[in-house]
Each structure stands twice: as structure tokens, then as C-alpha cells.
Amino acid sequence: SLKSNFIGNKNDFYNRKDILFLSNVISRFPMGGTCGHSRIDFLDEILKNQTEMISSIVKNNISILHKPYNRRITLLFSDHFKNLNKINNQLYSLLNINQKGLTIDLIKNGKILLWDQIGSGTVEAFANNIPSMIYWNRIYSKEADWAKKNIEELENYGVLHDSIDSLIK
């Protein structure tokens, strides 16, 4: 279980980045099933949103370690990641690993996990009591009608955000 190994010693916790940002997959070509997957026709908006969020986080003196979905994403959109690295190399770091899931060692890199939508990783983190927040602008996905009440509760508790200002607070 992730939960049993999450808590480390205090010094390890204070040496972590403030945020471990786990961004979703960006598909180069349209996929048959697009539920929860970004679409290439929203690429500009997705990358702009990611850049604005990361810029705002570091401008507020919050450190962030960015774990892209996989290494292929960083190669496909290398200009985007080069630009992110120019934002503030003291507070922003790009993790260069080729693994998409959660591991204990990965989680120990941040004080709180930040997701760009609700997905299986988010649910796994919630189930294991791993501190998590979601910055979800609903660019390419949105909640089902039957889930709106639950989504509102996540917003009311400060877990889910659709604005950078509320996320920073």
C-alpha cells in the first residue's frame, strides 16, 4: 500500500518540493476513445494553461517538480518543456523519468500532489490519503451530470480548482 510508506521523517518532508505536478497524457493523434484523454485540437490551450499555471506558482515562491505523463511527451513537445525550464530554474524542475504511475519514491518528491484532471492516479492518491489537489480547467474533459454534486464538494473543500488564484491560495 502507498499509504503505509508515505510518511517519512520530518527533515525529508521539508526538503521536498512544495508541489509534485503530475500532468496528463497529450496525444499526438486523435484516439478512438477520448474519455479523459487530451485531444490534439486542444493542444495550444492545454500547453498555454500549463505554462500560465506553472508561472503563477513560481511567482508566488512555491516550488514545483513537474512529472510529465511519460518521456515521449517531453520529446513530442520539446519546445514547450524548454520554455517551462526557462520560467525559474530555482523553483521549477522537470523530472526526467519514463514511468507513468505512482510509486512511493516518486510521491516522496513533493509535499502535495497536483493533478490537471481527476483520473485514476488522483483516485489512487485519495484512497491512500496522499495530499492532493486538482487544477482542472475542463479544456478537453468535464464531469458527468451525476457527478456535479461531488465535484462541487471537492471545490468547496479546496481540493479542486478551476482558477489559478484559488489554487495558489
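The structure displayed is predicted, hence computed values, not measured ones.

Further remarks concern unusual backbone geometry. The phi angle at Asn-129 is positive, at roughly 55°, despite the residue not being glycine. If you trace the backbone, Asn-129 turns up in the loop between helix 7 (120-127) and strand 5 (132-135). On the accessibility criterion, Asn-129 (54% relative accessible area) is exposed.

With that out of the way, let us pick up the nonpolar core. Counting 26 residues, the largest nonpolar core has Met-53, Ile-57, Ile-64 and Leu-114 as its most contacted members. Here this core gets seven residues from one element, more than from any other, and that element is helix 3 (residues 43-59). Core analysis: the next-biggest nonpolar cluster, separate from the first, contains 16 residues, Leu-22, Leu-65, Trp-136 and Leu-160 among them.

Along helix 5 (residues 78-85), the residues classified as buried are His-80, Phe-81 and Leu-84. One face of helix 5 carries all of its buried residues, which in axial projection span an arc of 90°. Away from its buried face, by an angle of more than 90 degrees, helix 5 presents the exposed residues Asp-79 and Lys-82. Looking at the buried positions of helix 5, the neighbouring elements they touch are helix 3, strand 2 (64-67), helix 4 (71-76) and strand 3 (92-94).

What follows concerns the sheet that holds strand 3. On the basis of which strands lie adjacent, the open sheet formed by six strands has the order 3-2-1-4-5-6 and parallel pairing. The open sheet has two free edges, formed respectively by strand 3 and strand 6 (160-161), since each of these has just one partner strand. In the sheet, strand 2 pairs with strand 3 via three bridges, with the strands oriented parallel. For His-66, the partnering residue across the bridge sits in strand 3 and is Leu-94. Packed onto the sheet, helix 3 meets strand 1 (17-22), strand 2, strand 3, strand 4 (110-115) and strand 5 and runs at close to 155° relative to strand 2.

Per the counting criterion, the structure on display carries six salt bridges. Between Asp-145 and Lys-148 there is a salt bridge, and its shortest N-O distance comes to 3.8 Å. Residue class for Asp-145 comes out exposed when judged on its relative accessible area of 64%. Under the relative-accessibility criterion, Lys-148 is labelled partly exposed at 36%. The network of salt bridges with common partners includes Arg-138, Glu-143, Glu-155 and Asp-162.

With that settled, the discussion passes to helix 3. Helix length check: helix 3, at 17 residues, gives a terminal C-alpha distance of 24 Å against a target of 24 Å (1.5 Å per residue), a fit within 8%. Of the positions making up helix 3, those classed as buried are Leu-43, Ile-46, Leu-47, Asn-49, Gln-50, Met-53, Ile-54, Ser-55, Ile-57 and Val-58. Positive phi appears at Asn-61, one or two residues downstream of helix 3, with a value of about 60°.

What follows is about the packing of aromatic side chains. The full count for this structure, using the stated rule, is zero aromatic pairs. Seen from the ring of Trp-136, Arg-138 lies directly overhead, with NZ or CZ sitting 4.5 Å from the centre.

What counts as what
Residues numbered from 1 in each chain as written. Predicted model: local features only at pLDDT ≥ 70, side-chain atom pairs only at ≥ 80, totals over all residues. Heavy atoms only, no water. Helix = DSSP H or I, 4+ residues; strand = E, 2+ residues; numbered from the N terminus. Buried < 20%, exposed > 50% of the residue type's maximum accessible area, 1.4 Å probe, protein only. Core = buried A, V, L, I, M, F, W, Y, C linked by side-chain atoms within 4.5 Å. Arc of directions from axis to C-beta. Contact = heavy atoms within 4.5 Å. Pairing = 2+ DSSP bridges. Axes fitted to C-alpha atoms, helices over the stretch in contact; angles between N-to-C directions. Salt bridge = Lys/Arg side-chain N within 4 Å of Asp/Glu carboxyl O. Expected span 1.5 Å × (residues − 1). Phe/Tyr/Trp six-rings, centres within 6.5 Å; stacked < 30°, edge-to-face > 60°. Lys NZ or Arg CZ within 6 Å of the ring centre and 35° of its normal.

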